[in-house]
Amino acid sequence: MRKNPERRQALIDAAIEVLAREGARGLTFRAVDAEAGVPVGTASNYFATRDDLFTQVGGRIYERLLPDETTVARNREGVQDEARFAELMHELVDRISAFNSGYLALLELRLEATRRPELRAVLTKRIREDIDANISHHTVSGLPGDSASVVLLYLALNWLIVERLTLPEIFTDREIHDLIDVAVLRLLTTTPPTPAPDTEAGQGGAG
């Protein structure tokens, strides 16, 4: 049976919404069909097993979390100083938080990955590539700080996003804004700058 790529993508996007709302146990082919508004049995024609569906969702979430080319180009403009670094971190947190269903679905996938080796392999590869892309972009950008700064901010801001999306009453928007500024400032004041090598700039990742 010939498969429609656009239909497959629509089904995966529907699966993201189901996963975020209902959790891993609620991610069934029937639930995906209902979310996508297609006849019962459609999803099962596109995905051999639930494991296959989970794996496809893992890859698709990161496609949607990545910044577009306009954002990447804009991020390379202007003076690459501490203030610019903080501005980029605010943009990253806001962009990822805006795709709240995707990030919540990703949290569900991380838990499922402890039980599904193929999903764990997909997420490990994709997240490692994202971290490396962020380090590469930072290294050639002229921004202050080094690769350790990038990784520590990745860890800190990811958990800040978790708090923002799962328990939004813990921190106000003002507190979140100030915490990002403080995190950047403290990391940069304790980390020596790294000279930028003469290489091509990376894409930058989802954080």
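This text follows the structure it describes.
Residues numbered from 1 in each chain as written. Predicted model: local features only at pLDDT ≥ 70, side-chain atom pairs only at ≥ 80, totals over all residues. Heavy atoms only, no water.

(A) The arrangement of the overall build of the protein chain in detail. In terms of helices and strands, the protein chain carries 10 helices and zero strands. Among the 207 residues that make up the protein chain, the fraction classed as buried is 44%. Long-range contacts, defined as pairs at least 24 residues apart, comprise 72% of the intrachain contacts of the protein chain with a sequence gap of at least 6. If you sum the accessible surface of the protein chain, you get close to 11,200 Å²; carbon and sulfur atoms cover 55% of it. (Helix = DSSP H or I, 4+ residues; strand = E, 2+ residues; numbered from the N terminus. Buried < 20%, exposed > 50% of the residue type's maximum accessible area, 1.4 Å probe, protein only. Contact = heavy atoms within 4.5 Å. Areas by Shrake-Rupley, 256 points an atom, 1.4 Å probe, with all protein chains shown as cover.)

(B) Molecular detail of the environment of R25. For R25, the location among the structural elements is in the loop between α1 (5-22) and α2 (29-36). R25 gets classed as exposed once you look at its relative accessible area, which sits at 83%. Linking R25 and E108, residues 83 residues apart in sequence, is a C-alpha distance of 9.8 Å.

(C) Inspection of the pattern of salt bridges at higher detail. Taken as a whole and assessed by the stated rule, the structure comprises 14 salt bridges. Across the pair E22 and R21 runs a salt bridge whose closest N-O atoms are separated by 3.2 Å. Among the ionic contacts, a cluster of salt bridges with common partners joins D13, R60, E63 and R64. (Salt bridge = Lys/Arg side-chain N within 4 Å of Asp/Glu carboxyl O.)

(D) Helix α8 (residues 117-141), seen in detail. With 25 residues, α8 ought to run about 36 Å at 1.5 Å a step, and its terminal C-alpha atoms sit 36 Å apart, in line with that. Those residues of α8 not exposed but buried are L119, L123, R126, I127, D130, I131, N134, I135, H137, H138, V140 and S141. Lining the buried residues of α8 we find α4 (50-65), α6 (82-98), α7 (100-113) and α9 (147-166). Downstream of α8 by one or two residues, G142 has phi in the positive range, about 90 degrees. (Expected span 1.5 Å × (residues − 1).)

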